[in-house]
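Inside the fold
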Amino acid sequence: MNKFEKQLEKWNGGVLRGAQAKLAKILKVSTATVALWTTGKRHPSKGYAQQMAALFGLDLYGVTRLFEDSSRVAYPLAAENTPRHCLRESETPYTARPVLSAQSNSAALPLLAQLPPDGAPIFEDSDVLEWWTLPRLRTRGAQFMLQLSPRLIAAVKPTAEWAPGQEQLIRTPLGLLAARVFRQDGQIWLDIEGQKRPADPLEQAKGVIVFKVLLGEY
């Protein structure tokens, strides 16, 4: 039993059974998400950590220590007027992030609640639903993850340029879609699950989809 499980057991009146489901209901996340936090396969965001601190009667540092064995998560305390942060390789990208050394074979990606605004990809701590730790070689430049459907999550490398031959995240007047991009007769076309059509002038490339994860299979 790791530190997080011991804390869940204590919080649930000395009974571990049902504690994950109880916590999930309070935090409004799935039981599977809490289970993945328990095993260290995903990391709770700073927002969820703060909620757990209030539930468990701990401070933020105390919650951080619950995940030291498996995830080595740290949530530095930010100033009240902390500026928004860019997801650029030349900058420190996050105010709250898992502590992974440059030599680590793992990389951490934030699962965001929504696509960052136009311009340089930016987000705040409150936009992060949770952290994923993945093999560094698999991320290949991806800087964040988005949930495209109830079961599908995409890792995205931001770019506003069309990338023929690759699958891209595209903003449309109706929302976001994933499509393979190709060029035909000097025009950008989209292949959406086998249905091909020219790109609409109002559609904008927002990133290259580095890989996708089907929930339940990861």
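This is a predicted model, so every value here is computed, not measured.

The rules behind each value
- Counting restarts for each chain, with residues numbered from 1 along the sequence as it is written.
- Local features in this predicted model are restricted to residues of pLDDT 70 or higher, and side-chain atom pairs are both shown and tallied only at a pLDDT of 80 or more, whereas totals for entire chains, interfaces and linings draw on every residue.
- Computation of side-chain values covers all heavy atoms of the structure but excludes hydrogens and water.
- Runs of H or I in DSSP of at least four residues are treated as helices and runs of E of at least two as strands, each being numbered from the N terminus.
- Each residue is placed in one exposure class: buried if its accessible area under a 1.4 Å probe, protein chains only, is under 20% of its type's maximum, exposed if it is over 50%, and partly exposed if it falls in between.
- We call two residues contacting when some pair of their heavy atoms lies within 4.5 Å.
- Throughout, nonpolar core names a set of buried Ala, Val, Leu, Ile, Met, Phe, Trp, Tyr and Cys residues whose side chains join them through atoms within 4.5 Å.
- At least two bridges found by DSSP between two strands is the condition for calling them paired.
- Lines fitted to the C-alpha atoms define the axes, with helices restricted to the stretch that makes contact. Angles between their N-to-C directions range from 0 to 180 degrees.
- What makes a crossing left-handed is the near helix being turned counterclockwise from the far one by less than a right angle; a clockwise turn instead makes it right-handed.
- Classification convention: Asp, Glu, Lys, Arg as charged; Ala, Val, Leu, Ile, Met, Phe, Trp, Tyr, Cys, Pro as nonpolar; all other residues, Gly among them, as polar.
- Scored between 0 and 100, pLDDT is the confidence that the predictor attaches to each residue.
- Think of a salt bridge as a Lys or Arg side-chain nitrogen and an Asp or Glu carboxyl oxygen that are within 4 Å of each other.

Some remarks on the overall build of the protein chain
For the protein chain, the helix and strand inventory stands at six helices and 14 strands. Across the 218 residues that make up the protein chain, the buried fraction comes to 44%. Excluding contacts between residues fewer than 6 apart, the proportion of contacts in the protein chain whose partners are at least 24 apart in sequence is 55%.

Quick notes on the nonpolar core
If you look at the biggest cluster of nonpolar residues, it comprises 19 residues, and the most contacted ones within it are F4, L23, W37, M52 and F56. At the level of secondary structure, the elements contributing two or more residues to this core comprise helix 1 (3-11), helix 2 (19-27), helix 3 (31-39), helix 4 (46-56) and helix 5 (60-66). With five residues, helix 4 is the single largest residue contributor to this core. Each residue touching M52, except ones within four places of it in the same chain, is listed here: F4, L23, L27, W37, P44, V63 and F67. Of all hydrophobic cores here, the second largest spans twelve residues; its members include V210, F211, V213 and L215.

Points about the sheet that holds strand 13 (residues 195-198)
Ordered in space as 1-7-5-8-9-14-10-11-12-13, the ten strands form an open sheet in which the pairing is mixed. Each edge of the open sheet is held by one strand with a lone partner, namely strand 1 (42-44) and strand 13. Across the sheet, the mean angle separating the axes of adjacent strands is 40° when strand polarity is ignored. Here helix 3 sits on the sheet and contacts strand 1 and strand 7 (128-135); the angle it forms with strand 1, its principal contact strand, is near 105°.

Points about the packing of helix 2 against helix 4
Axis separation between helix 2 and helix 4 bottoms out at 11 Å; the angle between their running directions is 120°. Helix 4 is crossed by helix 2, and the crossing has right-handed handedness. Here L23, I26 and L27 of helix 2 come into contact with helix 4, specifically with Y48, Q51, M52, L55 and F56. By residue class, the composition of the contact of helix 2 with helix 4 is seven nonpolar, one polar and no charged.

With respect to the confidence of the model for the protein chain
For the protein chain, the average pLDDT comes to 79, and 78% of its residues sit at 70 or higher. Taken element by element, the predicted model of the protein chain shows its lowest mean pLDDT in strand 3 (residues 85-86) (37) and its highest in strand 12 (residues 187-192) (95). Low pLDDT, under 50, characterises residues 70-101; the stretch is placed with 79 contacts to residues that sit more than four places away or in other chains.

So, the pattern of salt bridges
Per the stated rule, a full pass over the model turns up two salt bridges. One salt bridge connects E167 with K212, and the closest N-O pair in it is separated by 3.0 Å. One end of the pair, E167, is in strand 10 (residues 167-172); the other, K212, is in strand 14 (residues 204-214), with 45 residues separating them in the sequence. Linking R197 and E203 is a salt bridge whose minimum nitrogen-to-oxygen distance equals 2.7 Å. Judged by its relative accessible area of 27%, R197 falls in the partly exposed class. For E203, a relative accessible area of 8% puts it in the buried group.

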